[in-house]
Structures are given as structure tokens and as C-alpha cells.
Amino acid sequence: MKLIIVESPAKARTITRFLGKEYQVSSSYGHIRDLPGSASEIPAKFKKEPWARLGVDPSNGYEPIYVVSKDSKKQVAELKKLMKSADEILLATDEDREGEAISWHLLEVLKPKVPVSRISFHEITKSAIQEALDNPREIDMQLVRAQEGRRILDRLFGYSLSPVLWKKVRTKLSAGRVQSVAVRLVVEKEEERQAFHMAEYYDVEAALVSEGMEFAARLTGVNETRLAGGKDFDPDTGELKKPNTRVHLHKDLAGVLAEGSEKNVPWKVAGITRKEATQRPSPPFTTSTLQQAASGRLRQSPQRVMRIAQRLYEGIALAGGGREGLITYMRTDSLTLSEKALAETENLIRDQYGADYTDGPRRYKTKSKGAQEAHEAIRPTDISRTPQMMDPYLDSDELGLYTLIWNRTVASQMTNAKLDKTVVEFSTKVNDKDLIFRSNGSIVRFPGFLKVYGDRGKDALLPNLQEGQAVGGNATDQPVVKITEVLPIKHETQPPARYTEASLIKKLEDEGIGRPSTYASVIGTIQSRDYVSKKGGALIPSYIGIAVTHLLREHFQTYVNTEFTALMERELDLIAEGKFDWVEFLDGFYHGSADNERGLEKAIEEELPEIEFPRILVGTDPKTGGAIVLRIGRNYVYVRVEGEEDRSATLPVDLLIDELTPQKALDLIIAKDKSKEPIGQHPETGQNIYSLSGPFGPYLQLGEQEEDKKPKRISLGKGTDQSKVDLEFALRLLSLPRDIGIDPETEKPVRAGLGRFGPYVERNRVFVSVDSVDTLFSIGLDEALEKIRNKNKKTVLKEIGVHPESGEPLQVLKGRYGPYVTHNKVNATIGKGRDPEDVTVEDALALLKEAESRKSKKKTRKKKTTKKKAAKKKTAKKKTTRKKVTKKKTTKKKISSSKDERE
């Protein structure tokens, strides 16, 4: 028996289908051992060593301590058991550094006494597996050392710098070699935005029409000097970069030129330029470009993209019970396609689109820093499997991603798109100023690759004008062109765009930081650890992320520098190629080298006594001149005036950095100052009543804060103007919750109250928002019960008609994720931005049919999974029963044997 070991059970299931009975495929469930994750995992013999916390001995050639995790022990035992009946072991983990390291760790832990070989493949198909079996090899120890070097490097970085953050910023924070650089990029982008000065400028646009064809012309020059656009302004000052070479058009002048241009007709056609342009296809996908494209086109996060891609790679159940991987290995930075794939794609293009759409194979070379060309780009394993053919076997997420990969692969091998571009310039004069207006036209003459992938856009047509032709007014030159209106258009320069998940991945790749296998996890980590949050798809730094970046940038600049981090990546690549010693590499990082004089250990030793909490300036108090700074507390973030410890205010948890203006910080501090004085006393208890502001918004407090007892508090709701909260209003609110009555049906009390999300009525933990605070005191039992009963009642946006089969009404309903249609427990969204009024019965039926198909596929897959789990459980039960029987027989044998001996 030949035992093949892979990482995942899904991969094992797919490979099993291609092999005969002489093979058995099992999985390791990823890494089986790693550096200790906690103090409890450190072996007893190392616990007293000064370096034990690191899990690596820097004084002994960076010898690591490897431990088999609790989760892996059961699987290791299972593999050892299978190994006993194996004649040969084949390690078939992924073909990258991580996969090579997993194979080495398996070899080290299992210690097999039978022959061991390493096989690798970049797609899970029968032919690829057979080719791998025909070409076994040894484990590549250079790749293993590169992975081990990366792992130890990350451990030294994280375990050395994280404690600095615990002492100086807040406990439980972490630093990471790539993670901290990614956070720095996001923080510095926000700093650029805060330093940005907006500039206002105008241009002039004319609307023209000729024989029913409408087109536009824009003012581009005045007296042979180009008009200033957004890029001509300095973002730091808001002023023109080169005032002598650009005309800054202000509101008044733009109005004069627009009015004068409309009156001073006819214009002249001053020049016409026609040229042919070509548009080239993009290369096939790498990991990062797939993540970027899926983010923009499918609205999928990098982590989600990689999960879906993993399923497509490891194998999907197909017709006839077959199972095969649909795409090649998804962690790659190569743009190469195999000769076989190139030939098959060319044939498909010729058959489906015609000979004009292919000029033979196109080969691409990557421009990414540190990219490795050993693997292939991401492509379908069989290009003849079109997305339409795969529709019955894939869910909507899988089909969307597979379609994207298929389209991009095919398009990468198609001919260029050919476009005809036309530029027409019109001249006129206003007062003493010669003006030039310009119109641009574009027509796709031959779509080429745009037939499959890319944004073709709409053709911008222009009439067939002649140079010198008169335009507008009473001009009769053919074709006759009328100027319908000329208007001044206002513009404002925009701050640099924040990073999205996709653009941050692109930036990391461009800088040579990280590798395909790490991008998704880095983006996920900086968000899960609250260094960065998402606002409308853009990444914005948290206060913690800003504080950490300030500290690391000020005291450990080298280690969060993009160039130094990229150098580390390049040196790891050299280790993989056998051109650099991994111990020398780690020693240079930790103890110092020509590129890094101090080394991390010495840097921390020297800097730690000097480090104070980073000074993050928000603004200045205009009255005292004191600086308003940001501070990180144990649980919350607050602002305070320097030198005045008692003047501080906690920031609301949902207040992001772009909303924290100096005025906002000052308003919070002033509100806190005022809140120290009570707004009055409760007439019955004599207790002070305070209007306070906390991390979750403004609230009222009755009485003083005591160590063993919390005073009564009631939320004022977001957006409440605390200056308008008087004693009368406070007393009304402190009387809440108000008992409205008893529900006669359930005999449960109905109450009105005020919570974090505003005023509400409630019965038996069912909460329903009401319009205003005043409603809480006026609402009756019947009205409150009606609101509670109607809480989940659907809002009908449009009555479409009647379902032709069931006779039930078809309606467009308001839903949490947008308008949708429903029938027989099947829901289908009508699409983002689509007007419910435009949905017809035919549209609704088509949407429902598609949704039902997806639901059915999901159900089938769930059934198969459940069936497999049940079969697995049954097999395991049989094995357990057999074990018990065997044990019983052995026990009987032993008893019988003892009896014989005694006799």
C-alpha cells in the first residue's frame, strides 16, 4: 500500500477518485507542528531558558522548539497507524514553501521506516496527479529553510515588539512584520488626507447637437495656455503648482467666458485629429490580481475569495459522481501558462469566436518585485469547461469566481481591441481672449478581447465635421451643428483616496512586501485586531492603529519601513534559491548587519527606556492655548488638554478619526466640563442629576458613582443636544421605563423606554422603535401592541401581479438587503439600484427561477455532505465495534491463558 498525505480532507477525497486500490490518501489537516503558541506549550526542559518565551534560541543558531499542537495529536496518531501498513509514503502537500515545510514536518514527526518521496502538482486533475506520481522527488530543503526563516523572523518580530506595545500603549496589542507595515500605509494615507488643502476651480462646458446626435465640448485653453485641472494643484497648499503655465479659472471669469461663448457664434472647427488606438488584454490572474478583481466585480473580500478559490482548486463534484479540481493552484505570483493550456485556449477562441480573435499564444512576464515564475498563473484546469457548463455544479459564489477566472484566462489570449479615436477642437473669442473647446469621440472598431472581459463602455460618437467649418448660430455648413447651451462647471480637488482591501493588496505587492499566501490573512488580521476598520469599502485607521504606528515609526523606523521589509522578502527568496544562509539572515535581523546596524534586540534595549506614549495632536484649545491630544485608555480612547489633567473627554466608540476635528474634540471636553455640575436634584430623593457623555453616547445619571454600587443611568440617544437637556426633561426620562399596561393575550407587561438606539416599546423582550421621546409618554396600550405585532410585517413596494401557477400575488417587498420578490419560501433580490416599479411578472418569475435553482443546488450539496458524514460515522462506529470485539476476545484469551497457567 502506498500512503499519500495531503493537507486537507477535500483534497484527499478528490485525489482518491483518480487512484487505484493500492493507494490510500489521508490528510494532515494543515500544519501538524509549529513554534509554541503559549507558555503552557513550552516543553518543561526549556521553560527556564531566558529565550523560552520566543520559542527560538538566538544563541544556538536560532534553533526552534517545535511542538505538535493539541488539535493535531489525534491526526498524527491516525497517520502513524496508517503508516504501519504502508510500503511507501508520498508527501503531496501544496507546491509552495508552506507546503514544502508541512511535508518536512510530517517526515520529522512520523519518522517512517519505509521509502518516502515528495510529489507536487499545481492542479488536481487525473493527468496532473499521474504526472506527479511518475516524477517523485526529494523534499527541497532550501524551500523549507526559507519558510522556517520566515516563521522564525515573524516570531522574533512579533514576540519582541508586542510587549513594548503592551507597556506603552495598551495590553493585548500585537506587532507583525507585514501587518505593522500595512497599518502604517493606511495611517499615512489618512495623514495625507488630513494635510490636504482643497482647491476650487471651474471649467466651461458646451452642449452641441447635430442631426439628433448630442455631444459635448469642454474649454481646454485660453490664449494658448492650458486650463488648470485637478492634478495641477498642490494637495498640501491648494495652490497651483505652476501658475505661469496654467490658467486657474475662477467663478466670475468662468461665467463671463461661458456667457460670451454662447453669444459669440459661429465657432470655427480649428482642427481634427483621427487616430487608431489599441487596447491590450490583461494577463491571467495571480493571487493578488484575482483578489483585486473579485473585490471590484464580485464585492468579495480577499479572505472570502481565497476560501472559494480553495474549494474550486481542491475539487467539485461533477456529473456521474466524478470529482475534479476546476482551477490551478490559487497562491501564485506567476503570469505563465503551460504550453498545453495555451494551445487549448487558442483552439477554444478559434472555435467559439473565430480566427480573427487569436494571433497565437500570448506570453506574459511579471513586473512584481520578488515574483517567482516557477508556478502557473490561476486558470481553469480544463478551458473547455465554460461557466455555462459548470452552472449546475457550482453555487453562486463559486460560479461567479470561476466565471471571472475563465473569462480572464480566455481574454488574456485574445487579440487587442481596436478603437478609432477622434479629437475635434473649436475656436472662438470672448473679449480679448482666444478660447479653444475640445470634443473627444471614440468607437470600438474591433472588440478583440473586450468580447469576453473588460469594460467596453459606450461609443462616444461625433458628427463628420470638416476643418474650418462654422458651428452654431446661423451657420449652414453641413452637417449643421447647433450650440444649445454653454455653462460654467464648478470642481473641487479631492483628497487622496483611502485604500480599499484590493488597492492595499496592490500596494503591498508593488512594494514587494508579503507574498501571495499572506495577503488575505494580513488584510483580515489588521481588521480583526481593530487597527483598521472599513467605512463604505474604504480602510480607515483606528485610534489604536494610529498610536501603534506613531510609536513604531518614531522608535523602530527600520522595522516598519517598506524598503527594509521588502529587502527581507528578497533575502528569503535568496534562501529558497540556496544563495543565502538562513542563520546569517536571522542573525542580521536580530543582532545586526550592514543593512541593519543595531539589530532588533539592541534597538529594543536602547529605545525602551526612552519610549513614552506617542503624542498625537488633535488641535489647540483657543482659550488656554493648550494642545488637545489623543490618549489610549485601558478600555476606551479619550482626548485631553495637555497640562490640565482634569480636562478630558471619552470619545464615542463610533467616532472615527476623520470625524474627530479639533472643534469636535473641544466640544466633547467642554460638555464634560459642564457635566461636572448637576443640572438639578431629584425632588423625591434629593440626588443630583447629571447630563454626561460616554463612549456609547450621551446619558443621564441619577446620584453619585460609588465603588460598590452603580447609579441609575438612562441613554439620551445618539445625536441628542445636551445643552437642551433641562431638569424637567431629565425627570421625565428618569421616570422611564413606563408601564403602559398588560397584553390581554399573553398577560405580559408592555413598557415604553429609552435605550442606546433610541425610544422603544417592548413586550417580553420584543423591542420596536417609536418616533420620538414624547411618544413614550403619550402612547397607549392598543397602539403599542399594534406596533409590536406589526414589527415583522413586510412592506410592499409594488404589487406586480399573480403567479401563473399558484395564483398567489407577486409583490416587490422591502428587505434588509434591498427590494426582493418572494414565492413559496424562495426569495430573490431584484438587483442593486433597480427601481421596483420596473419589475414585471416575467422579471419576477425569471429571478425566482434562478434563486430556486441556486437553492436546489445548495440543498443537493448539503444532502451529499450529510450523507458522507453519516457514512463516515457508520464506518467509524464499525471500527469501534470491531475494536471492542477484538479487545473482548483478547481479554478472554488472557483470562483463559492465566487459568491454564494457574492449573
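Description of the structure in this document.

Here the second largest pocket defines a volume of roughly 1,400 Å³. Lining of the second largest pocket is provided by 46 residues; of these, Glu-98, Asp-154, Ser-517, Thr-518 and Ser-521 occupy positions nearest its centre. At the level of secondary structure, the elements contributing two or more residues to the lining of the second largest pocket comprise strand S3 (33–34), helix H3 (97–110), helix H5 (141–168), helix H9 (302–314) and helix H14 (519–528). Residue composition of the lining of the second largest pocket, grouped by class: 13 nonpolar, 17 polar and 16 charged.

Helix length check: H5 (28 residues) gives 40 Å between terminal C-alpha atoms against 40 Å at 1.5 Å per residue, within 8%. Sitting at the amino-terminal end of H5 is Asp-140, which places a side-chain oxygen 3.1 Å from the backbone nitrogen of Gln-142.

A separate point is a positive patch on the surface. A grouping of Lys-825, Lys-855, Lys-859 and Lys-863 is seen on the molecular surface, where their side chains present a positively charged patch. For Lys-863, the position within the fold is in helix H23 (residues 841–902). Assessed through its relative accessible area of 60%, Lys-863 is described here as exposed.

The next thing to look at is a nonpolar patch on the surface. There is a patch of nonpolar side chains on the surface, built from Tyr-636, Val-653 and Phe-696 and spanning about 270 Å² of accessible area. Its location among the elements puts Tyr-636 in the loop between strand S23 (627–632) and strand S24 (637–641). Judged by relative accessible area, Tyr-636 falls into the partly exposed class, the value being 36%.

So, on to the pairing of strand S13 (residues 267–279). Along any regular strand, the residues point their side chains to alternate faces of the sheet. Relative to strand S18 (residues 470–471), S13 runs antiparallel, the two being bridged by 2 bridges. In the sheet register, Trp-267 faces S18, and the bridge partner there is Val-471. Relative to strand S16 (residues 417–430), S13 runs antiparallel, the two sharing 11 bridges. When the bridges of S16 are listed, Gly-271 appears paired with Glu-425.

This next bit is on the sheet that holds S23. Strand order in the open sheet made by the 4 strands is S22-S23-S24-S25, with antiparallel pairing throughout. The open sheet terminates on both sides in strands that have one partner only, identified here as strand S22 (616–620) and strand S25 (644–650). Averaged over all neighbouring strand pairs, the angle between strand axes comes to 35°, with direction disregarded. Examined bridge by bridge, S23 and S24 share 5 bridges and lie antiparallel to one another. Bridge pairing in S24 links Leu-630 to Val-639. This element, helix H15 (residues 543–555), spans S22, S23 and S24 of the sheet and lies at about 100° to S23. Here helix H19 (residues 662–675) sits on the sheet and contacts S22, S23, S24 and S25; the angle it forms with S25, its principal contact strand, is near 110°.

This next bit is on the packing of aromatic side chains. Within a pair of aromatic rings, the relevant descriptors are the distance that separates the centres and the angle that separates the planes. The final tally for this structure, using the stated rule, is 17 aromatic pairs. Ring geometry for Tyr-201 and Phe-233: centres 5.4 Å apart, planes at 25°, overall stacked. Taken together, the residues span a long stretch of sequence, with Tyr-201 in strand S9 (residues 200–210) and Phe-233 in the loop between strand S11 (225–227) and strand S12 (246–247) at a distance of 32 residues. Considered together, Tyr-201 and Phe-233 belong to a single accessibility category, that of buried residues. Seen in terms of ring centroids, Tyr-559 and Phe-589 are 5.6 Å apart; in terms of plane orientation they differ by 90°. Their pairing is edge-to-face. Placement of Tyr-559 in the loop between H15 and helix H16 (562–576) and of Phe-589 in helix H17 (residues 582–590) is noted, with a sequence separation of 30 residues between them. Here the aromatic residues Phe-157, Tyr-559, Phe-564 and Phe-589 are joined through ring pairs into a cluster of three or more.

What counts, and where the lines are drawn
- The written sequence of each chain sets the order in which its residues are numbered from 1.
- Confidence filtering applies because this is a predicted model: local features only for residues at pLDDT of at least 70, side-chain atom pairs given and counted only at 80 or more, and all residues used for totals across whole chains, interfaces and linings.
- Note that the side-chain values use all heavy atoms of the structure and ignore hydrogens as well as water.
- The pocket and cavity definitions rest on a 1 Å grid over protein atoms only: a 1.4 Å probe that fits but cannot leave marks a cavity, an open set with protein on both sides within 12 Å along at least five of seven lines marks a pocket, and residues lining either have an atom within 4 Å of a point.
- Grid points are joined across faces, edges and corners, and a volume is the space filled by probe spheres set on the points.
- Helix numbers and strand numbers start at the N terminus; a helix is a DSSP run of H or I with at least 4 residues, a strand a run of E with at least 2.
- Nonpolar residues are Ala, Val, Leu, Ile, Met, Phe, Trp, Tyr, Cys and Pro. Charged residues are Asp, Glu, Lys and Arg, and all others, Gly as well, are polar.
- Expected span of a helix, by definition, is 1.5 Å for each gap between consecutive residues, and there is one gap fewer than residues.
- Counting of polar contacts relies on pairs of N or O atoms within 3.5 Å, with two restrictions inside protein: one atom must be capable of donating a hydrogen and the other of accepting it, and residues adjacent in sequence are counted only when both atoms are side-chain atoms.
- Surface patches are drawn from residues lacking salt bridges whose relative accessible area is over 30%; two like charges belong together within 9 Å, two nonpolar side chains (Val, Leu, Ile, Met, Phe, Trp, Tyr) within 5 Å.
- Using a 1.4 Å probe, accessible areas were evaluated by the Shrake-Rupley method; residue-level cover was limited to the displayed protein chains.
- Any Lys or Arg side-chain nitrogen located within 4 Å of an Asp or Glu carboxyl oxygen qualifies as a salt bridge.
- When charges are counted, neither His nor the chain ends are considered; positive counts come from Lys and Arg and negative counts from Asp and Glu.
- One atom stands in for each charge, and that atom is NZ of Lys, CZ of Arg, CG of Asp or CD of Glu.
- Any residue under 20% of the maximum accessible area for its type is buried, any over 50% is exposed, and the rest in between are partly exposed; the area is computed with a 1.4 Å probe on protein chains only.
- Strands pair, by our definition, only if DSSP identifies at least two bridges between them.
- Orientation is described by axes fitted as lines to C-alpha atoms, over the contacting stretch for helices, and by angles from 0 to 180 degrees between their N-to-C directions.
- Note on definitions: a residue-residue contact is assigned when non-hydrogen atoms from the two residues lie within 4.5 Å.
- Here the aromatic set is Phe, Tyr and Trp, taking the six-membered ring for Trp, and pairing holds for ring centres within 6.5 Å; pairs whose planes are under 30 degrees apart are stacked, those over 60 apart are edge-to-face, and all others are tilted.

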